[in-house]
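# Per-entry structural report
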Amino acid sequence: RTYFQIDQFGTAIQYLDQALALRPDDSDIHGRKGLIFFKRKNYEGALPELELAINGGPYKVSEEKIVQVQGMPLSRSSMEYYYTLGNLYAYYGQCTPDKAPALLSQVLAAFPDDPTVIGSYETSMETCRSVIAGTLTPQPALTPTPTPKP
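First, a word on scope: everything that follows refers to the structure included in this document. Bear in mind the structure is a predicted one, so any value in this text is a computation, not a measurement. (Residues numbered from 1 in each chain as written. Predicted model: local features only at pLDDT ≥ 70, side-chain atom pairs only at ≥ 80, totals over all residues. Heavy atoms only, no water.)

## Here we look at the pairing of strand E1 (residues 56–60)
Direction of pairing for E1 relative to strand E2 (residues 66–70): antiparallel, over a ladder of five bridges. Bridging from a neighbouring strand, Gly-56 pairs with Gln-70 of E2. Linkage of E1 to E2, two consecutive antiparallel strands, is achieved through a turn of five residues. (Pairing = 2+ DSSP bridges. Helix = DSSP H or I, 4+ residues; strand = E, 2+ residues; numbered from the N terminus.)

Printed below as a string of structure tokens:
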């Protein structure tokens, strides 16, 4: 967390990869890695890590080993993962009611007074309104790729 806070993202990724080698089923580690990818504008790397942190699912550690990651419920400690994933959905034009709007509304309902949540909601919903109106072309949809192993 410290390396993340001081923008030493490369070092933070190294330590997170070491942590994943020890605890590959830890959803918080996947979420932190997703945030670092997002901060580095590596949205293709951020999306699967954040989805895994929130929704859970299988994570391929090696050719012989796949572990199950349990998704994180929405809480104060996980809300950044949630709204960042909502932002990514909006960025990629995934603005159907079950994607960006649903996730962002869930976070806003849980934390209605948090200025970061409010700003994230408003910005991403404006992006979705523009995508739906045809005044903004979203980024091309991603082809799902397996989460890279540590």
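## Remarks on the pattern of salt bridges
This model, assessed by the stated rule, comprises six salt bridges. Residue Asp-26 pairs with Arg-23 through a salt bridge whose shortest N-O separation is 2.3 Å. Looking at Asp-26, the relative accessible area reads 16%, which means it is buried. Arg-32 serves as the salt-bridge partner of Asp-28, at 3.7 Å between the closest nitrogen and oxygen. (Salt bridge = Lys/Arg side-chain N within 4 Å of Asp/Glu carboxyl O. Buried < 20%, exposed > 50% of the residue type's maximum accessible area, 1.4 Å probe, protein only.)

## Side note on the state of the cysteines
Counted according to the given criterion, the structure contains one disulfide. Paired by a disulfide, Cys-95 and Cys-128 hold their sulfur atoms 2.2 Å apart. Between Cys-95 and Cys-128, the S-S dihedral sits near -80 degrees, and the bridge is therefore left-handed. Separated by 33 residues along the polypeptide, Cys-95 in the loop between helix H5 (79–91) and helix H6 (100–110) and Cys-128 in helix H7 (residues 115–133) bring together distant segments of the chain. You can call Cys-95 buried: its relative accessible area is 7%. (Disulfide = S-S within 2.5 Å.)

## Let's talk about the environment of Phe-38
For Phe-38, the location among the structural elements is in helix H3 (residues 27–39). Judged by its relative accessible area of 22%, Phe-38 is partly exposed. Along the chain, Phe-38 and Leu-88 lie 50 residues apart, while their C-alpha atoms are 8.7 Å from each other. Every residue in contact with Phe-38, bar those within four places of it in the chain, is listed here: Tyr-43, Ala-46, Thr-84 and Leu-88. (Contact = heavy atoms within 4.5 Å.)

## Considering the nonpolar core
Core analysis: the largest hydrophobic core is formed by 37 residues, its most contacted members being Leu-50, Leu-85, Leu-88 and Val-107. Of all the secondary-structure elements, those providing two or more residues to this core are helix H2 (9–22), H3, helix H4 (43–55), E2, H5, H6 and H7. Looking at this core element by element, the count peaks at eight residues for H5. (Core = buried A, V, L, I, M, F, W, Y, C linked by side-chain atoms within 4.5 Å.)

## Things to note about the packing of H4 against H5
At a minimum axis distance of 10 Å, the contact between H4 and H5 shows a crossing angle of 135 degrees. As judged from the angle between their axes, H4 and H5 are oblique. Like other packed secondary-structure pairs, H4 and H5 cross with a definite hand, here left-handed. On the side of H4, the interface is formed by Tyr-43, Ala-46, Leu-47, Leu-50, Glu-51 and Ile-54, while H5 contributes Tyr-81, Tyr-82, Thr-84, Leu-85, Leu-88, Tyr-89 and Tyr-91. Split into classes, the residues belonging to the contact of H4 with H5 amount to eleven nonpolar, one polar and one charged. (Axes fitted to C-alpha atoms, helices over the stretch in contact; angles between N-to-C directions. Parallel < 35°, antiparallel > 145°, perpendicular 65-115°, else oblique. Left-handed = near helix turned anticlockwise from the far one by under 90°. Nonpolar A, V, L, I, M, F, W, Y, C, P; charged D, E, K, R; others polar.)

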